[in-house]
Structure formats: C-alpha cells, structure tokens
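Residue-level listing of the chains:
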Amino acid sequence: MVIWFFVVIMSNPKDSVTFTGIPVNLTHTELLEDKFYEVLNNTDRVRVTVEAPRNVINQLRASDIVAEADVSRLTEVNTIAVSCSVMNDSIGIISITSSPDVVQLSVEEIAQKWVNVRRSTSGEVAEGYIVANSTSDQTRIEISGPQSVVDQISYVGLDMDVTGATDTVSGNVDIRFYDVEDNLVDGTDIIKNADTMHMEVRVLATKEVPVEATLTGEPAEGYLATGAVECDPSTVVLAGTPAALADISKVTLIMDITGESSDTEKVINLKNYLNNVSLADANFNGRVNVTAHIEAEMERALVLSSSNISIENLPEGFELQYAEGQNNYRLRISGLNTEVSAVEQNAVRGTLDVGKWMRNRNMTELRPGTYDIPIDFEIQGKVKQENEVSAKVVISEIEEEEE
C-alpha cells in the first residue's frame, strides 16, 4: 500500500472540480446600446467544471475562473455561448465547461411616449369636509423603456392620503404606472425624470343651505303671482372655507315673470349666485328648476251701507248728513281668488275724513253746502280697490239754541 501511494503521487492523475455562481461577463454590449436587454433565468451565473491534473486542481480557486459571453455572437433566439477560461494561461488544464452553456437574453426595441398624469386620493377627510380638487407639478411626463412595457402603460397615477384632513394636504408622492384597465404595471425598467411628483389636495368645509327664489317683473295684464315659488332642489350643499360659509344662510335666486299668464317654470344656474364658495357635489351641475304660480286676477263687487262708514275730522260747529239716496255704496275689489273670496263684506270699514278732504282742496274754512267727499276703505288681505267711492253729503252749521 505504501508503494502504491507513492506511485499515485508520482503519476499525478487527472481530477475535476466544480465552481458554482461564477458571473458571466458580457462583452461588446455597445452593440445593443439602442435596444433594451436583460438576462433571463439567471443564466449570467454559471456552474463551471474544470478537469486538470490533481496538483493543478488543488491550486484552483473560483476567483481564477473567467466566464464571458460575446454579444457579437448573439443568435436569432437571443442566446450567447459562454466561454470559460482560467486567468493564468500557464496553468495547464485539460477541459473547462459551464452549465448552462449559454446566456439567455430578452432583447427589445426601446420605445418612448408621453403619458397623462391622473391624481387620486385615499382615506376619508374629516366629517363635514370634502376633497375639492387636486394639482400636481406636471400633467404629462415622458417615459422610455422596453417596447412591451411602454405599450402597456396608459397613464401615470398619483395618490395622496387625506385621512382626517381639514385643510390643504401636499407632499411628494410615488409615481406609479397603470394600464387601460387600471391595473398596476411594473415600472422597474421604465426610465423617467423622477420617482416622485409634488401633489396638492385642496380640502374644504361643507354646509347645507336652503334654495329660495324671489320674483321680479309683472305678469301679463289681468294676472297676478300667487307668491308661491318652488325650487327643485330645495337645498344645496356648498363647499368653501369656514369663514366664507359662515356668511351664507341661504341662496336666493331671481326669476323674471314679466308678461307671464300661467304657472311658469324656468331653469336657473345656481352657480351664478355663488361667491367665494362652490358646489360640494361634483355631479350636480347647479341647475335649479324654479316654478312660480300665476293666476288670473279676480274681481268682486261689494255693497256697503252707510253704517259701515265713519266720519272723522268734521270741524266744530258743523254737522253732516248723507244726501238722499246715499244709503249704499258699491265698491269693486280685485286680487287673487283666495284673497278676494276671503273678504267679509260686513267687515269692510270706510272713513269719510272731512279734514283730509279740506286739505286736498286747500280749504281753510268749511262752508255749509252739498259736497262729494271720497271714502277711504280698509280691506283685509292682499286685495286692490278698483274704483273710487264718494259720498254725497250735506254739511250745515249747527244752529245755536236761543236762551
């Protein structure tokens, strides 16, 4: 056995060793400078087996192994043969092989395009507040990268967390890429000018207020507005700063009913009546349907007796009597049907004001005689007196009794 041991040593038999994880150096990569390429399946890390005399094997280390793949030898199926060698040419080896023996590449044309930036928010703002709008430094960015990836990208997405916000939120947010179906696209190989973008989200307070309308103009002759006005919607939610909303208790629209002779409906844009505030509901276009009710003017004749008339400011020393046939007076009134019908004839009171009549005629002294003096009537409700009514009276001096 001792003799055999010495024989083996002296004959120096061949042996082999395997090194794993040897990196493959790609050469002449400038040939792919106008393309995008990447190594597939980690084929740029190989297992190298060296066969050599035992005394050589015992000296070899992984750092002595060189593996290369020459890009100029790229095949139609995008593979490159791996060639291996040892750094010291003087070291005598019998063979050297690698596994795998080719580097697999994915090679694509480089594409570029401009894509739009879309902004969104996540989380809920504080109760009573809404997200009004958002802005970003850019609305479009240019990207470049592998054709297959660039073709997938439909837009750039920015997302800002606004949880609990009561005021404007701003900051830098990550840039992410999405396809047309809003699925996230891996942008690892995409070239862009920045990884983040500045975004600002405006948060406003909200307040619900009633919507009312006032009428201007006059309906057609013989018609009156009932005063009933309906707005649909009857309330609206406004958005603005707390200070701006504090001064608003309602929104009053203006509707012109000039020349109208029936119930009239018009669409009024509420946005034209807003200052320093906006609509909280982005889906509401601000158009309000306003309906004004208009009715034909009604007339009614009242017959009033002289007992409904009181005499005032008759100068001292005079007496007044109604002339013969002055027992009843015809008064015509007009207005809305409900108002005119509600007038109680017996409740209508008239006043024969002698002092007022004298002032209107610039009379400083009353003399006996027969006169037509206007009667002023007080009528309950919103009605209009259509005719002037006068009473023919006889005024005479009071005769003093002889003692």
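Keep in mind that what you see is a predicted model, and the values were worked out from it rather than measured. (Residues numbered from 1 in each chain as written. Predicted model: local features only at pLDDT ≥ 70, side-chain atom pairs only at ≥ 80, totals over all residues. Heavy atoms only, no water.)

Engineer: Would you mind going over the sheet that holds strand β27 (residues 376–378) in detail, with residue names and values included?
Structural biologist: A sheet is described by the order of its strands in space; here three strands give the open sequence β22-β25-β27, paired in mixed fashion. Of all strands in the sheet, those with a lone pairing partner are β22 (309–312) and β27, marking the two edges. Between one strand axis and the next, the sheet turns through 25° on average, direction left out of account. Here three bridges tie strand β25 (residues 349–353) to β27, and the two strands are oriented antiparallel to one another. Note that in β27 the partner of arginine 349 across the bridge is glutamate 378. (Pairing = 2+ DSSP bridges. Helix = DSSP H or I, 4+ residues; strand = E, 2+ residues; numbered from the N terminus. Axes fitted to C-alpha atoms, helices over the stretch in contact; angles between N-to-C directions.)

Engineer: I'd love a proper account of the environment of methionine 160, names of residues and values included.
Structural biologist: Here methionine 160 lies in strand β10 (residues 155–161). Taking relative accessible area as the criterion, methionine 160 reaches 7% and is therefore assigned buried. Once the C-alpha coordinates of methionine 160 and aspartate 174 are considered, the two residues, 14 residues apart in sequence, prove to be 9.3 Å apart. Residues within four places of methionine 160 in sequence aside, it is in contact with Ser120, Thr121, Ser122, Val169, Ser170, Gly171, Val173, Met199 and Val201. (Buried < 20%, exposed > 50% of the residue type's maximum accessible area, 1.4 Å probe, protein only. Contact = heavy atoms within 4.5 Å.)

Engineer: Explain the side chain of asparagine 387 to me, using residue names and the numbers behind them.
Structural biologist: With respect to the helices and strands, the residue asparagine 387 is situated in the loop between β28 (383–385) and β29 (390–397). According to the relative accessible area criterion, asparagine 387 is buried, its value standing at 16%. Here the side chain of asparagine 387 touches arginine 330 through a polar contact of 3.1 Å, landing on its backbone oxygen. In contact with asparagine 387, not counting residues within four places along its chain, are Arg330, Leu331 and Arg332. (Polar contact = N/O pair within 3.5 Å; in protein donor to acceptor, adjacent residues only side chain to side chain.)

Engineer: Tell me about the sheet that holds strand β26 (residues 369–374), and name the residues and values.
Structural biologist: Strand order in the open sheet made by the three strands is β23-β29-β26, with antiparallel pairing throughout. In this open sheet, the two edge strands, each paired with only one partner strand, are β23 (318–322) and β26. For this sheet, the mean inter-axis angle between neighbouring strands, taken without regard to orientation, is 35°. Inspection of the sheet shows β26 paired to β29 by six bridges, in the antiparallel sense. Residue pairing across strands places isoleucine 373 opposite alanine 391, the latter belonging to β29.

Any functional reading would require information that these geometric values do not contain.
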